Amino acid sequence: MPEYLLDRIGGEPALEAAVDVFYGKVVADDKLADFFKSVNMETLKKHQRWFLRMAFTAIPKSINVEEYMLEKHQRLFSEQGLNVSHFDSVAGHFVATLEQLNVPADMIKEAVDIVVPLRPIFEKGTAIAMAMAMSTGNEEEKKEEA
């Protein structure tokens, strides 16, 4: 049996199909659609394939996943209110995508076990954005008082 989940689910063709189906679901979700209005979807799909390829094989030690995810989503946290409820919706679409593509249940569980640990990053990103907004608000109040 192949070592990596990516190989077991069908390799690059399966990854390509999964990302296409996944984004079809995500952009059709009213709760998520606004995050993608001005996004080049082909570029985003390319980045998603890169990330899943890495996640479903071996994440290089040189990549700090938390820092990477916070950096890539920082604008969404601070400007668009990205939060854990959005992560949960995306995760649901991820599972639905794998089910639609007839990925076996044990492999879906393995994929979920890879993705779910990312959830606290979205909690942290929301907290950082809120703290920054409060700090900025306090600075604005001080300027108005002066």
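Bear in mind the structure is a predicted one, so any value in this text is a computation, not a measurement.

Caption draft 1: Highlighting the layout of surface pockets. Looking at the largest pocket, its volume works out to about 830 Å³. Contributing to the lining of the largest pocket are 29 residues, with Y23, L44, Q48, H73 and L76 lying nearest its centre. Among the elements of the structure, α2 (11-28), α3 (41-55), α4 (65-80) and α5 (84-100) are those that each provide at least two residues to the lining of the largest pocket. Considered class by class, the residues forming the lining of the largest pocket number 21 nonpolar, 6 polar and 2 charged.

Caption draft 2: Geometry of the pattern of salt bridges. If you walk through the whole model with that rule in mind, you get 10 salt bridges. Note that R53 is salt-bridged to E12, the shortest N-O span being 2.7 Å. Of this pair, R53 sits in helix α3 while E12 sits in helix α2, and the two are 41 residues apart along the sequence. With a closest N to O distance of 2.7 Å, D88 and R119 form a salt bridge. In this pair, D88 sits in helix α5 while R119 sits in helix α7 (residues 119-145), placing the two residues 31 residues apart along the sequence. Under the relative-accessibility criterion, R119 is labelled partly exposed at 28%. Through salt bridges that share partners, D20, E42 and K45 make up one connected network.

Caption draft 3: Local environment of α2. The end-to-end C-alpha distance of α2, which contains 18 residues, comes to 26 Å, matching closely the 26 Å that a straight helix rising 1.5 Å per residue would cover. Within the sequence span of α2, burial applies to G11, L15, A18, V19, F22, Y23 and V26. Down the axis, α2 shows its buried residues gathered within 125° of arc, on one side only. With respect to the buried face of α2, the exposed residues turned more than 90 degrees away are P13 and A28. Where α2 is buried, its residues meet α1 (5-8), α3 and α5.

Caption draft 4: Inspection of the side chain of S89 at higher detail. As for its position among the elements, S89 is in helix α5. A relative accessible area of 18% means that S89 is categorised as buried. Not counting residues within four places of it along the chain, the set of residues in contact with S89 comprises D29, K31 and L32.

Parameters at a glance
Residues numbered from 1 in each chain as written. Predicted model: local features only at pLDDT ≥ 70, side-chain atom pairs only at ≥ 80, totals over all residues. Heavy atoms only, no water. 1 Å grid on protein atoms, 1.4 Å probe; cavity = no way out; pocket = protein on both sides within 12 Å on 5 of 7 lines; lining within 4 Å. Points joined across faces, edges and corners; volume = space filled by probe spheres on them. Helix = DSSP H or I, 4+ residues; strand = E, 2+ residues; numbered from the N terminus. Nonpolar A, V, L, I, M, F, W, Y, C, P; charged D, E, K, R; others polar. Salt bridge = Lys/Arg side-chain N within 4 Å of Asp/Glu carboxyl O. Buried < 20%, exposed > 50% of the residue type's maximum accessible area, 1.4 Å probe, protein only. Expected span 1.5 Å × (residues − 1). Arc of directions from axis to C-beta. Contact = heavy atoms within 4.5 Å.

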